[in-house]
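Report on the structure
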Amino acid sequence: MVGIVIIALDIVFLLKTRLFFPVLILSLLFSSLHFWIDFFSELKRQKIIEIMFLNFTRSLVESVKSGVSIPRSIQNVSKKNYEALNPYVKKLSHQIEWGIPTSKALQTFAEDTGNKVIKRSISLMVEAERSGGDITDILSSVVLSNYKIISICVMSNSNKVAR
């Protein structure tokens, strides 16, 4: 909004002067600043969500390996702090508590986060559960693959910075 006002004032007062184009460029940059701040803060939040999802799935694997059912494990694990992932984990826990099927609640969880890695992991878990695979092995594989994906992304970003 402020950028538009500056552009309007620039046109009205500085149209025939040398300052017109520099002020116009600065006002366009200023008006797009909010977009870039939102873009990079969302990017950072998604990275944190990916890392916290890795912690969430690790805790879930440990709980399931100890013999607790998946729905009960999700409810137990949801009591921990997962920073930016907390609202989604709490919603997942509440949905399971209300009797929504685990696969449906997990799919809703994946959609709500809006994260590609989480969507892929959850769809893999749901399909494997439907086909009757060992859920402990599936969860362990998901944790390992997510760890590798995040490691590759981190190494790729560090290589870009080093260049």
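Just so we're clear, the structure is a prediction, and the values are computed from it rather than from any experiment. One numbering rule holds for all chains: residues counted from 1, following each sequence as written. The predicted origin of the model limits local features to residues at a pLDDT of at least 70 and limits the giving and counting of side-chain atom pairs to 80 or more, whereas totals for whole chains, interfaces and linings rest on all residues. Computation of side-chain values: all heavy atoms of the structure, hydrogens and water removed.

Overview of the packing of helix α2 (residues 20-65) against helix α6 (residues 116-130)
Only the contacting stretch of a helix is used when fitting its axis, a line to C-alpha atoms as for every element, and angles between N-to-C directions run 0 to 180 degrees. Going along the chain from the N terminus, every DSSP run of H or I of four or more residues is numbered as a helix, and every run of E of two or more is numbered as a strand. Where α2 meets α6, the axes come as close as 9 Å, and the angle between the chain directions of the two elements is 30 degrees. Judged by the angle between their axes, α2 and α6 are roughly parallel. Only Val117, Ile118, Ser121 and Ile122 of α6 make contact with α2, whose side of the interface consists of Ile49, Glu50 and Phe53. Just so you know the grouping, Ala, Val, Leu, Ile, Met, Phe, Trp, Tyr, Cys and Pro go in nonpolar, Asp, Glu, Lys and Arg go in charged, and all remaining residues, Gly too, go in polar. Each residue belonging to the contact of α2 with α6 can be placed in one class, and the counts come to 5 nonpolar, 1 polar and 1 charged. These descriptions rest on fixed angle ranges, namely under 35 degrees for roughly parallel, over 145 for roughly antiparallel, 65 to 115 for roughly perpendicular, and the rest for oblique. Any two residues having at least one pair of non-hydrogen atoms within 4.5 Å are treated as being in contact.

Things to note about unusual backbone geometry
If you check the backbone angles, Glu83 has positive phi at about 50 degrees while not being a glycine. Along the chain, Glu83 turns up in the loop between α3 (70-77) and α4 (86-97). Each residue's exposure class comes from its accessible area (1.4 Å probe, protein chains only) as a fraction of the maximum for that residue type: buried when under 20%, exposed when over 50%, partly exposed otherwise. Overall, Glu83 belongs to the partly exposed group, its relative accessible area being 47%.

Some thoughts on the packing of helix α1 (residues 2-14) against α2
In a pair of packed helices, the angle between the axes and the distance between the axes together describe the arrangement. With their axes 8 Å apart at the nearest point, α1 and α2 run at an angle of 170 degrees to one another. With respect to α2, the axis of α1 lies roughly antiparallel. On α2, the residues touching Val2, Gly3, Ile6, Ile7, Asp10, Ile11 and Leu14 of α1 are Phe20, Val23, Leu24, Ser27, Leu28, Phe30 and Ser31. In terms of residue class, the contact of α1 with α2 is made up of 10 nonpolar, 3 polar and 1 charged.

Let's talk about the pattern of salt bridges
Salt bridges are defined by distance alone: a side-chain nitrogen of Lys or Arg within 4 Å of a carboxyl oxygen of Asp or Glu. Under the defined criterion, the tally for this structure stands at 4 salt bridges. When the shortest N-O distance is used, the salt bridge between Arg45 and Glu42 registers 3.0 Å. With Arg45 and Glu42 both in helix α2 and 3 residues apart, this pair spans about one turn of that helix. Across the pair Arg130 and Glu127 runs a salt bridge, and its minimum N-O distance is 2.8 Å. With Arg130 and Glu127 both in helix α6 and 3 residues apart, the pair spans about one turn of that helix. Here Arg130 falls in the exposed class, since its relative accessible area comes to 55%. Judged by relative accessible area, which is 46%, Glu127 ranks as partly exposed.

Some remarks on α6
Here a helix's expected span is defined as the number of its residues, less one, multiplied by 1.5 Å. The end-to-end C-alpha distance of α6, which contains 15 residues, comes to 21 Å, matching closely the 21 Å that a straight helix rising 1.5 Å per residue would cover. Of the residues flanking the start of α6, the one acting as N-cap is Asn115, its side-chain oxygen 2.9 Å from the backbone nitrogen of Val117. Pairs of N or O atoms within 3.5 Å make up the polar contacts considered here, provided that, within protein, one atom can donate a hydrogen while the other can accept it, and that residues adjacent in sequence are counted only when both atoms are side-chain atoms.

With respect to α4
Because the α-helix completes a turn every 3.6 residues, residues three or four places apart line up on one side. The terminal C-alpha atoms of α4 lie 16 Å apart, and with 12 residues this matches the ideal 16 Å at 1.5 Å per residue to within 8%. Against α2, α3 and α5 (102-113) lie the buried residues of α4. Gly99 sits one or two residues past α4 and shows a positive phi near 95 degrees.

Some points on the nonpolar core
Membership of the largest hydrophobic core comes to 32 residues, with the highest contact counts inside it found for Phe56, Leu85, Leu92, Phe109, Ile118 and Ile122. At the level of secondary structure, the elements contributing two or more residues to this core comprise α2, α3, α4, α5, α6 and α7 (135-162). It is α2 that contributes the most residues to this core, 8 residues altogether. Those residues in contact with Phe109 that sit more than four places away from it in its chain are Phe53, Leu85, Tyr88, Val89, Leu92, Ile118 and Ile122. What we call a nonpolar core is a set of buried Ala, Val, Leu, Ile, Met, Phe, Trp, Tyr and Cys residues that are connected through their side-chain atoms within 4.5 Å.

Points about the environment of Leu85
Among the secondary structure elements, Leu85 is positioned in the loop between α3 and α4. Residues Leu85 and Gln46 lie 39 residues apart in sequence; the distance between their C-alpha atoms is 9.3 Å. With sequence-adjacent residues up to four places away left out, Leu85 is seen in contact with Ile49, Met52, Phe53, Phe56, Phe109, Thr113 and Ile118.

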